[in-house]
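Chain by chain, the residues run as shown.
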Amino acid sequence: MGSEWMEMRKRPVCAAQEPAACAPGQPGVENQGSNACCFCWCCCCSCSCLTVRNQEEQRLRRTSYEVRTEDLPTCEESPGPTLEEASAWAQSFDKLMLTPAGRNAFREFLRTEFSEENMLFWMACEELKKEANKAMIEEKARVIYEDYISILSPKEVSLDSRVRETINRSMAEPSRNIFDDAQLQIYTLMHRDSYPRFTNSALYKDLLRSLSEKAVEA
């Protein structure tokens, strides 16, 4: 009796497994098996098709970032600063940002802290303000948005939600002042966060030392 009961319990299991072992001649079975992962709805799914797609998206974003970075000048064209000019940079952040030489030195420092995008965004906003052509304003605003505002960009700058929402609403018809609030926010961030470290950095002190030696030799 016990063996018969066990045999009866096994039969449904075998019957449920039979469709998985269908003959190769049945249509559509092999295709369904090969694409099974594409229909996985589990949030913890690690199927290969999703992994490949995510890797491709990351590759495209990285390639786009590299292309845009290569198009950017490493620094603004400017004569080297005098000792007097460089010394004035420690007096106020405004004096540092006023001259191309100051911005170049500060940008070089930001690059060591992996926050160069703050300066690049600020400079891009300054360029946008000089534009008068409506079509060019829209194009430059779109590029700035994609490069520094979009959450998908590797160079996204840190903005609060209010400023970000205002920009999003204005992108339908952007003006050359669309990023004014964001630019001020990033300027303030650089002033309070990065500027004090710049004035105490080896980069800035080495520059002052080099300029002092040149002044003595002259």
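Above this text sits the structure in question.
J.: Can you lay out the overall build of the protein chain for me, pointing to particular residues and giving the numbers?
T.: Across its full length, the protein chain carries 11 helices and zero strands. Residues counted as buried form 27% of the 218 residues belonging to the protein chain.

J.: Describe in detail the nonpolar core, supporting the description with residues and values.
T.: Buried together is how nonpolar side chains tend to be arranged in soluble globular proteins. One finds Phe 106, Phe 121, Phe 179, Met 190 and Phe 198 to be the most contacted residues of the largest nonpolar core, which totals 36 residues. Listing elements by their share of this core, those giving two or more residues are α5 (93-98), α6 (100-112), α7 (116-129), α8 (134-149), α9 (161-170), α10 (180-199) and α11 (202-217). For this core, the leading source of residues is α7, giving seven residues. If sequence neighbours within four positions are ignored, Phe 121 has contacts with Ile 144, Tyr 148, Ile 149, Val 157, Phe 179, Ala 182, Gln 183 and Ile 186.

J.: Talk me through the packing of α6 against α7; I want residue IDs and the actual numbers.
T.: Where α6 meets α7, the closest approach of the two axes is 7 Å, and the angle between their N-to-C directions is 145°. Every residue of α7 that contacts α6 at Arg 103, Phe 106, Arg 107, Leu 110 and Arg 111 is listed here: Glu 116, Met 119, Leu 120, Trp 122 and Met 123. Residues belonging to the contact of α6 with α7 are distributed by class as follows: six nonpolar, no polar and four charged.

J.: So, α6: which residues are in play, and what are the values?
T.: Relative to the 18 Å expected for 13 residues at 1.5 Å per residue, α6 spans 19 Å between its end C-alpha atoms, a close match to the ideal helical length. Turning to α6, the residues buried within the fold contact α5, α7, α10 and α11. Directly beyond the C-terminal end of α6, a positive phi value near 60° is found at Phe 114.

J.: Got a sec to walk through the pattern of salt bridges? Specific residues and values, please.
T.: Counting across every chain of the model gives 14 salt bridges. Note that Lys 130 and Glu 127 form a salt bridge whose closest N and O atoms lie 3.4 Å from each other. For Lys 130, a relative accessible area of 61% translates into the label exposed. A cluster of three or more residues bridged by salt bridges with shared partners is formed by Arg 107, Arg 111 and Glu 116.

J.: Help me get a handle on the packing of α7 against α8, residues and values and all.
T.: How two helices sit against one another is set out by the angle between their axes and by the gap between those axes. It is the contact of α7 with α8, at a shortest axis distance of 11 Å, that shows an interaxial angle of 170°. In terms of their interaxial angle, α7 and α8 are classed as roughly antiparallel. Contacts between α7 and α8 involve Glu 117, Leu 120, Phe 121, Ala 124, Cys 125, Glu 127 and Leu 128 from the first element and Ile 137, Lys 140, Ala 141, Ile 144, Tyr 148 and Ile 149 from the second. Along the lines of polarity and charge, the residues of the contact of α7 with α8 split into 10 nonpolar, no polar and three charged.

J.: Could you give an account of unusual backbone geometry, with specific residues and numbers?
T.: One non-glycine residue with positive phi stands out, namely Phe 114, at about 60°. Overall, Phe 114 belongs to the exposed group, its relative accessible area being 73%.

J.: Lay out the packing of aromatic side chains in plain terms, naming residues and giving numbers.
T.: Taken as a whole, this structure holds 11 aromatic pairs when the rule is applied. An angle of 65° between the planes, with centres 5.7 Å apart, marks the rings of Phe 109 and Phe 198 as edge-to-face. On the criterion of sequence distance, the pair formed by Phe 109 in helix α6 and Phe 198 in helix α10 is long-range, its members being 89 residues apart. Note on accessibility: Phe 109 and Phe 198 belong to one class, buried. Site record: aromatic cluster; members linked through ring pairs are Trp 89, Phe 93, Phe 106, Phe 109, Trp 122, Tyr 187, Tyr 195, Phe 198 and Tyr 204.

Criteria and cut-off values
- Residues numbered from 1 in each chain as written.
- Predicted model: local features only at pLDDT ≥ 70, side-chain atom pairs only at ≥ 80, totals over all residues.
- Heavy atoms only, no water.
- Helix = DSSP H or I, 4+ residues; strand = E, 2+ residues; numbered from the N terminus.
- Buried < 20%, exposed > 50% of the residue type's maximum accessible area, 1.4 Å probe, protein only.
- Core = buried A, V, L, I, M, F, W, Y, C linked by side-chain atoms within 4.5 Å.
- Contact = heavy atoms within 4.5 Å.
- Axes fitted to C-alpha atoms, helices over the stretch in contact; angles between N-to-C directions.
- Nonpolar A, V, L, I, M, F, W, Y, C, P; charged D, E, K, R; others polar.
- Expected span 1.5 Å × (residues − 1).
- Salt bridge = Lys/Arg side-chain N within 4 Å of Asp/Glu carboxyl O.
- Parallel < 35°, antiparallel > 145°, perpendicular 65-115°, else oblique.
- Phe/Tyr/Trp six-rings, centres within 6.5 Å; stacked < 30°, edge-to-face > 60°.

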